[in-house]
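# Analysis of the macromolecular model
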Amino acid sequence: MAALRQEPVRLTPTATLNTAPTPDGLLGPAAIRDLAQQLGLRPTKALGQNFLHDANTIRKIVRTAGLTADDVVCEVGPGLGSLTLGLLPACAAVTAVEIDARLADQLPLTVAERAPQYTDRLTVVTADALRIAELPGPPVTALVANLPYNVAVPVLLHLLELLPSVRTALVLVQAEVADRLAAAPGSAAYGVPSVKAAWYADVRRAGNVPRPVFWPAPNVDSGLVALTRRPAPEGDRAATFAVIDAAFATRRKGLRAALARWAGSPAAAEARLRAAGIDPTTRGEQLSVTDFARLAAT
Ligand code: SAM
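## Overview of the site of the ligand
Around the ligand, the structure places 22 residues, and the nearest of them are Leu52, Gly77, Glu98, Asp128 and Asn146. Glu75 places a side-chain nitrogen or oxygen 3.3 Å from a nitrogen atom of the ligand. In the model, a nitrogen atom of the ligand is placed 2.7 Å from a nitrogen or oxygen of the Gly77 main chain. Relative to its free-state accessible area of 590 Å², the ligand is covered by the protein chains to the extent of 98%. For the ligand, the cavity whose grid points lie within 2 Å of the majority of its atoms is the largest pocket. Put simply, the parts of the chain that give the shell around the ligand at least two residues each are strand E1 (51–52) and strand E3 (93–98). Looking at the shell around the ligand residue by residue, the classes come out as eleven nonpolar, seven polar and four charged.

Structure follows, in structure tokens:
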């Protein structure tokens, strides 16, 4: 295939996308449309199927992921392979977990056609990422994915729990969810996803991704979130997550009232809060994950 020169793409909401094949085999709009047509694929909202069709965005994601040649990457929802093709040259192996069997079956063929030198690096698992209990192959060291937006947080938390060997993650999610994941205690966006993600990792926003780089274009904005694993706080994860859920279920209440059911009564909640050194009138959004872990351990 002739390598055509690609014009730079402006990453703004009005960007016009280049349809030319890229020299590095990445999928552009024409290739995405062709593949979808061949498969008779109509992207569904239920599976969050918004495919990346802009090579510059793929390069940006791969660059931002900061992979090394030794990394073993788990990609959830490879779809038509846009990101997979960008990841394969940048790491030792990719294990791709795709729920849609048509897409999972096609992926090795797409890689064989576009990047035959990397076929050995790819393992495809046809499964619901929320339900996988193990992954084949060597331990995964990084998670990089354009996640299905409707299940992004549960998938991310499930994989961080399931795969302790994951040191870094870079995920593309709905911008609002990105803000929530990366929010610090006391901020408006801070909530259950922020605290639970903080159990596993330092979390930060890593840029925005405009709507036109997806096909079909989603009706929400998108953002990247970078996670770096750190030691979990001392204490029991399940018990800590239970108190986090309770604290945020009634967001407006002070913790004495919000945790009454969790503790058995308002007085018991107050006693446990005081034992953990937390003012009972505080609200959940003021507490860090370490505070919640301490409270769960009382
Ligand atoms: N990575 C591709 C890209 O960037 O073009 C596709 C990303 S698309 C946002 C999400 C992908 O996740 C789709 O291919 C969809 O079929 C898949 N998917 C949806 N729910 C899933 C689940 N629970 N487990 C695994 N894959 C899922």
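## Structural notes on the environment of Thr110
Locating Thr110 in the fold gives a position in helix H4 (residues 101–114). Accessibility expressed as a relative area gives 4% for Thr110, which makes it buried. For Thr110 and Gly28, which are 82 residues apart along the polypeptide, the C-alpha to C-alpha distance reads 13 Å. With residues near it in sequence (within four places) discarded, Thr110 still touches Leu35, Leu80, Leu85 and Ala115.

The rules we used
- Residues numbered from 1 in each chain as written.
- Predicted model: local features only at pLDDT ≥ 70, side-chain atom pairs only at ≥ 80, totals over all residues.
- Heavy atoms only, no water.
- Near = heavy atom within 4 Å.
- Polar contact = N/O pair within 3.5 Å; in protein donor to acceptor, adjacent residues only side chain to side chain.
- Areas by Shrake-Rupley, 256 points an atom, 1.4 Å probe, with all protein chains shown as cover.
- 1 Å grid on protein atoms, 1.4 Å probe; cavity = no way out; pocket = protein on both sides within 12 Å on 5 of 7 lines; lining within 4 Å.
- Sits in = over half its atoms within 2 Å of the grid points.
- Helix = DSSP H or I, 4+ residues; strand = E, 2+ residues; numbered from the N terminus.
- Nonpolar A, V, L, I, M, F, W, Y, C, P; charged D, E, K, R; others polar.
- Buried < 20%, exposed > 50% of the residue type's maximum accessible area, 1.4 Å probe, protein only.
- Contact = heavy atoms within 4.5 Å.

Note that all results are geometric; they support no functional claim without further evidence.
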